[in-house]
Amino acid sequence: MKLYQVRKGQFVYYNNELHKVYGVKPMYKLSVHLIKLRDLTQHITNAASVERYIPRENDSFIFEHKIYTLKNNRKAEAGDFILINNPAPDTLDHYSLNEIEVVETVDNKGVITSDLNGIRHNEYLLMAPGRAPDSHPIDYQEVANIEVEDLDDKGRLINNPSGELSSKLGDIYKKKDSEFLVEVMVVAIKGQTIFLGGGLELSQEELMDTDKWEFQYNPFDK
Amino acid sequence: MDKFKQNSVFIISLLLTLIFIIWGVFFTENLTKLTNSVYKSSIDYLGWVYLGATLFFVVFSIYLLFSKYGDIRLGRKTDKPDFTTGSWLSMLFGAGMGIGIVYWSVAEPVTHYTAPPYGKAYTVDAANTAMKYTFFHWGLDPWAIYTVIGLALAFFQYNKRLPAAISSAFHPILGDRIYGPIGKTIDILSIFATVFGIATSLGLGAMQVTAGMHAIFRIPNTLVIQLVVIVVATFLFIISINTGLEKGIKHLSNAAIILSVAIMLLILFVGPTLTVIKVFFNTTGLYISDFLHMSLRLNPFGEGKWIASWTLFYWAWWIAWAPFVGMFIARVSKGRTVREFVIGVLIVPTLGTCLWMSVFGGSALELVQKPGNRDLAKNIAENVNLSIFTFFDYLPLSSLLSILGFAVVAIYYITVADTATFVLGMLSEGGTLNPSNKIKMTWGVIQSALAAVLLFAGGLNVLQTASIAAALPFAIIMVVMCFSLLRGLKNEVEVQRGNKRNVQHL
């Protein structure tokens, strides 16, 4: 019998994949609420079927379809993602274990995130984009029976590890390398092919090239 | 020199406070004399400033509630509130009132009953007037002060991405001069007011904790014990700063709020329930219909002592307390809209305090109005520190209530002191969200020392006078802040409108 207490924020393996506990509701049979780090889908299970993992330096994993390696050898800079692995929040701060936040400003003592939490430099690990060659992939508990291709999220993201992942219906893009103003909306998506209004058709990758296309806004986002 | 420039706000405000403390320790009589003369002149010459400013804040907050700025979200458009509405409201309530509400809830109505602002004492009319003024002092006005400052801080911090300092609220007027001498002066004044506001609260807290120990454990209720309480509490929160027990503080402050509500409900049920309900309705009516009269009452041809020692003291105390509470409220309100914010900070807590005062004040007045209890009323009014425990003695389950009451006061004391060090650290380091532990500890020691000095110099009266004096410059700063906020909000509406569509197809 496993007598392990699951806590909010912990990294755990569930069905062999890396998840984060985002809530524990005692008294319920399925008391552990998980979020899969790879694609941020939600799952629910019980404490017996998860296995804890403590993330440490030089671990690499996929978070929201992008690959990161945990680093501790340099201070974070504005725009970096950080994993708060050693939280010591002040009275008025609002963050907890293993939260992933974006750095907004950096000073000597710590960083201030886009959620306006003040986090000292010893409280976090930097999430450097890409999988460092000597890193320790932690996406799966047992890598043996996972196909290599699967490890890097269908291979596609290796090309573009830090770019935005995908467009969605209704996104408005502006063409940047054009003499006159071209603004189009994504009207259909078929696999990797994106159909834009006005009969334009191009690949996902091409649309993500920020030299050619610039995302404007999505009128359906509220 | 560079280092001085970086830390000038901290160093100057620290020096000012230290001068005051040294003065208090070595020239106690001189200090008492001076605070008294400040007190007198503040009644004679400057009372109207406090009254006018505070009424203006109420009008301004209500205007914001109905204005077109109501839909502006504090933070990014996609930001969601960090806390559920229930825990948000209870945190606001705890931060805004804290120790004071326990300290005064019995003492104030009973004191007014024995010495009303007008009319004859010890009558039914005096009881109604007493409740009316208690509602007035704890109702819309303090919460309007917090609304103004909290909203300004939150707006400039979250929407304009400026540092978490009071000077940031002046960006629309001063521009980048908020980082220069003018901005620093504003920050120094806000720290000065905050230190005094907190010291007043800690002083009251120490008196209350000592009184609680006297009531429960029969420990003598003397100045020495009060000072010991301050020293012990200072040790406790300095340990908590250094060992990362901050999380525990958070749980403690939640516990204090739950315990307060439990006490209120307990008294509501074991006390005179029907009277309390009647008092709540009747006083709400009186409060609304006499609001303007009370707000502007100055008694020009008579003596203004009552107004000075109650209304003006409260207004000054709330204003001195405002940078601290405003900082706290701003910190927990990210992701709320302006309208939600005003409802949550102005309307709901006002109802909460009125209910609280009805329960405590109503039951206490019912008790002292009984024939033969006139001495009890006098006793409560004369021993304000002990008032709440004296009152508990006359209720069923009195020892349980006393212990709960003592726990609430003690917890509020620690949590306020702890949060205050954090806020003072932020304010004195240019609004950083990572104040250093050394600066936090310095403020921790300073605020305790100041509370001790004020108690030593003469207790409650000196506490009151000191906060009246320290809050005056800050009251004027806050009036200007309203206009600055209005300008900022106007600009935000334009920016948000512009964002929707900024490309023109020709």
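Being a predicted model, the structure only gives us computed values, none of them experimental. (Residues numbered from 1 in each chain as written. Chains lettered and ligands numbered in written order. Predicted model: local features only at pLDDT ≥ 70, side-chain atom pairs only at ≥ 80, totals over all residues. Heavy atoms only, no water.)

Novice: Before we go on, may I ask you to explain the overall build of chain B in this structure?
Specialist: Across its full length, chain B holds 18 helices and zero strands. What you see for chain B is a C-alpha radius of gyration of 22 Å, in line with the 23 Å of a compact globule of 506 residues. Along the first, second and third principal axes, the C-alpha atoms of chain B reach 85 × 50 × 50 Å. The burial tally for chain B puts 60% of its 506 residues in the buried class. At a minimum sequence separation of 6, the contacts of chain B that also span at least 24 residues come to 83%. With the model as given, the accessible surface of chain B reaches about 19800 Å², and the carbon-plus-sulfur share is 67%. Averaging the positions of the 35 positive and the 23 negative side-chain charges in chain B gives two centres separated by 7 Å. (Helix = DSSP H or I, 4+ residues; strand = E, 2+ residues; numbered from the N terminus. Rg over C-alpha atoms; globule rule 2.2 N^0.38 Å. Buried < 20%, exposed > 50% of the residue type's maximum accessible area, 1.4 Å probe, protein only. Contact = heavy atoms within 4.5 Å. Areas by Shrake-Rupley, 256 points an atom, 1.4 Å probe, with all protein chains shown as cover. Lys, Arg positive; Asp, Glu negative; His and termini not counted. Charge placed at Lys NZ, Arg CZ, Asp CG, Glu CD.)

Novice: Please explain the nonpolar core as it appears in this structure.
Specialist: Most often, soluble globular proteins keep nonpolar side chains buried together rather than apart. In this structure, Y50, W104, Y146, W318, F360 and F392 of chain B are the most contacted members of the largest nonpolar core, which totals 191 residues. In this structure F360 of chain B touches S105, V106, I263, M264, I267, I388, F391 and F392 of chain B, once residues within four positions along its chain are discounted. Counting residues in hydrophobic clusters, the runner-up holds 14 residues, among them Y13, F63, L70 and L83 of chain A. (Core = buried A, V, L, I, M, F, W, Y, C linked by side-chain atoms within 4.5 Å.)

Novice: Would you explain the packing of helix α3 (residues 85-114) of chain B against helix α14 (residues 374-382) of chain B in this entry?
Specialist: All names here are of chain B. Packing of α3 against α14 leaves a shortest axis separation of 8 Å and a crossing angle of 120°. It follows that α3 is oblique to α14 by the angle criterion. The handedness of the crossing between α3 and α14 comes out as left-handed. Taken together, the residues of α14 that come into contact with α3 (itself represented by V106, A107, V110, T111, Y113 and T114) are A377, K378, I380 and A381. A per-class count over the contact of α3 with α14 returns seven nonpolar, two polar and one charged. (Axes fitted to C-alpha atoms, helices over the stretch in contact; angles between N-to-C directions. Parallel < 35°, antiparallel > 145°, perpendicular 65-115°, else oblique. Left-handed = near helix turned anticlockwise from the far one by under 90°. Nonpolar A, V, L, I, M, F, W, Y, C, P; charged D, E, K, R; others polar.)

Novice: Even after reading the chapter, I still don't get a positive patch on the surface, so can you show me in this structure?
Specialist: A cluster of basic side chains, namely K68, R487, K490 and R497 of chain B, defines a positive patch on the protein surface. With respect to the element layout, R487 of chain B can be found in helix α18 (residues 460-500). (Patch = residues over 30% accessible without salt bridge, like charges linked within 9 Å, V, L, I, M, F, W, Y side chains within 5 Å. Salt bridge = Lys/Arg side-chain N within 4 Å of Asp/Glu carboxyl O.)

Novice: What is the right way to read the pattern of salt bridges from this model?
Specialist: Working definition: two side chains of opposite charge can pair if their charged atoms are close together. In the structure shown here, the tally under the stated rule is 15 salt bridges over all chains. Between E123 of chain A and R120 of chain A there is a salt bridge; the shortest N-O distance is 3.9 Å. The same class applies to E123 of chain A and to R120 of chain A, which are both buried. Notably, a salt bridge pairs R336 of chain B with E340 of chain B, separated by 3.7 Å at the nearest N-O pair. Judged by relative accessible area, R336 of chain B falls into the buried class, the value being 3%. Salt bridges here are not isolated pairs; linked through shared partners, they connect E17, K36 and R38 of chain A.

Novice: Help me out: how do you make sense of the packing of helix α4 (residues 124-138) of chain B against helix α12 (residues 305-332) of chain B in this one?
Specialist: Helix packing geometry: the angle between the two helix axes and the distance between the axes. All names here are of chain B. Put simply, α4 and α12 touch, their axes get as near as 10 Å, and they point 25° apart. Regarding the angle of α4 to α12, the classification is roughly parallel. Of the residues in α12, those touching α4 at Y133, F136, H137 and W138 are W306, W310, T311, Y314, W315 and W318. The residue inventory of the contact of α4 with α12, partitioned by class, reads eight nonpolar, two polar and no charged.

Novice: Please explain the confidence of the model for chain B as it appears in this structure.
Specialist: Low pLDDT marks stretches whose predicted atomic positions should not be read closely. Looking at chain B, pLDDT values average 86 and 96% of them are 70 or higher. We note a pTM of 0.83 for the whole complex and an ipTM of 0.71 for its interfaces. (pLDDT = per-residue confidence, 0-100.)

Novice: Explain the packing of aromatic side chains here, please?
Specialist: One pair of aromatic rings is described through two measures. These are the centre distance and the angle between the planes. Applying the stated criterion to the full structure yields 42 aromatic pairs over all chains. Ring centres of Y68 of chain A and F81 of chain A lie 5.4 Å apart, and the angle between their planes is 45°; on these two criteria the pair is classed as tilted. Note that Y68 of chain A is positioned in strand β7 (residues 66-71) and F81 of chain A in strand β8 (residues 81-84), a separation of 13 residues in sequence. Ring centres 5.0 Å apart and planes at 65° place the aromatic pair F192 of chain B and F196 of chain B in the edge-to-face group. (Phe/Tyr/Trp six-rings, centres within 6.5 Å; stacked < 30°, edge-to-face > 60°.)

Novice: I keep staring at the environment of S61 of chain B and nothing clicks. Help me out?
Specialist: Residues and elements named next belong to chain B. Along the chain, S61 falls in helix α2 (residues 28-66). For S61 and R161, which are 100 residues apart along the polypeptide, the C-alpha to C-alpha distance reads 23 Å. Apart from residues no more than four positions distant in its own chain, S61 is found in contact with A144, T147, V148, V342 and L346. At 2.6 Å, the side chain of S61 and the backbone oxygen of F57 are in polar contact. (Polar contact = N/O pair within 3.5 Å; in protein donor to acceptor, adjacent residues only side chain to side chain.)

Novice: Hey, could you run me through the sheet that holds β8 of chain A in this one?
Specialist: By definition, the strands of a sheet pair up through backbone hydrogen bonds, in either a parallel or an antiparallel sense. A sheet is described by the order of its strands in space; here eight strands give the open sequence β11-β10-β9-β8-β12-β7-β6-β13 (chain A), paired in mixed fashion. With partners counted over all chains shown, the strands left at the sheet margins are β11 (118-120) and β13 (136-137) of chain A, one partner each. (Pairing = 2+ DSSP bridges.)

Novice: How should I be thinking about α14 of chain B in this particular structure?
Specialist: For an α-helix, the turn length of 3.6 residues means that residues three or four places apart are oriented alike. Residues and elements named next belong to chain B. Where α14 is concerned, the buried positions are L376, A377, I380 and A381. All buried residues of α14 project into a common sector of 135° when viewed along the axis, lining one side. α14 presents D375 and E382 as exposed residues on the side facing more than 90 degrees away from its buried surface. Those residues of α14 that are buried are in contact with α3, α13 (338-369) and α15 (387-393). (Arc of directions from axis to C-beta.)

Novice: It is not clear to me how the interface of chain B and chain A should be interpreted in this structure. Could you clarify?
Specialist: Interfaces are often sized by the amount of accessible area the parts lose when they come together. Listed by partner, the interface residues are 29 residues for chain B and 22 residues for chain A. When chain B packs against chain A, close to 2300 Å² is buried across both sides, 49% of that on carbon and sulfur atoms. When the buried area of chain B at its contact with chain A is split by residue, R331, L433 and N434 of chain B rank highest and sum to 26% of it. Inspection of the region where chain B meets chain A yields four salt bridges. (Buried area = accessible area lost by both parts, 1.4 Å probe.)

Novice: Can you help me understand the sheet that holds strand β16 (residues 193-196) of chain A in this one?
Specialist: All names here are of chain A. Ordered by their spatial adjacency, five strands build an open sheet running β17-β16-β15-β14-β18, and the pairing between neighbours is antiparallel. Each having just a single partner strand, β17 (200-203) and β18 (213-217) make up the two edges of the open sheet. Across the sheet, the mean angle from the axis of one strand to that of its neighbour is 40°, orientation sign disregarded. In terms of strand pairing, strand β15 (residues 183-190) meets β16 through four bridges, oriented antiparallel. What sits directly across from A188, in β16, is F195.

Novice: Which parts of the structure should I look at to understand the confidence of the model for chain A?
Specialist: When pLDDT is averaged across chain A, the result is 82; 87% of the residues are at 70 or more. Confidence scores differ between elements of chain A, with helix α2 (residues 156-159) of chain A showing the lowest mean pLDDT of 43 and strand β3 (residues 32-36) of chain A the highest of 93.

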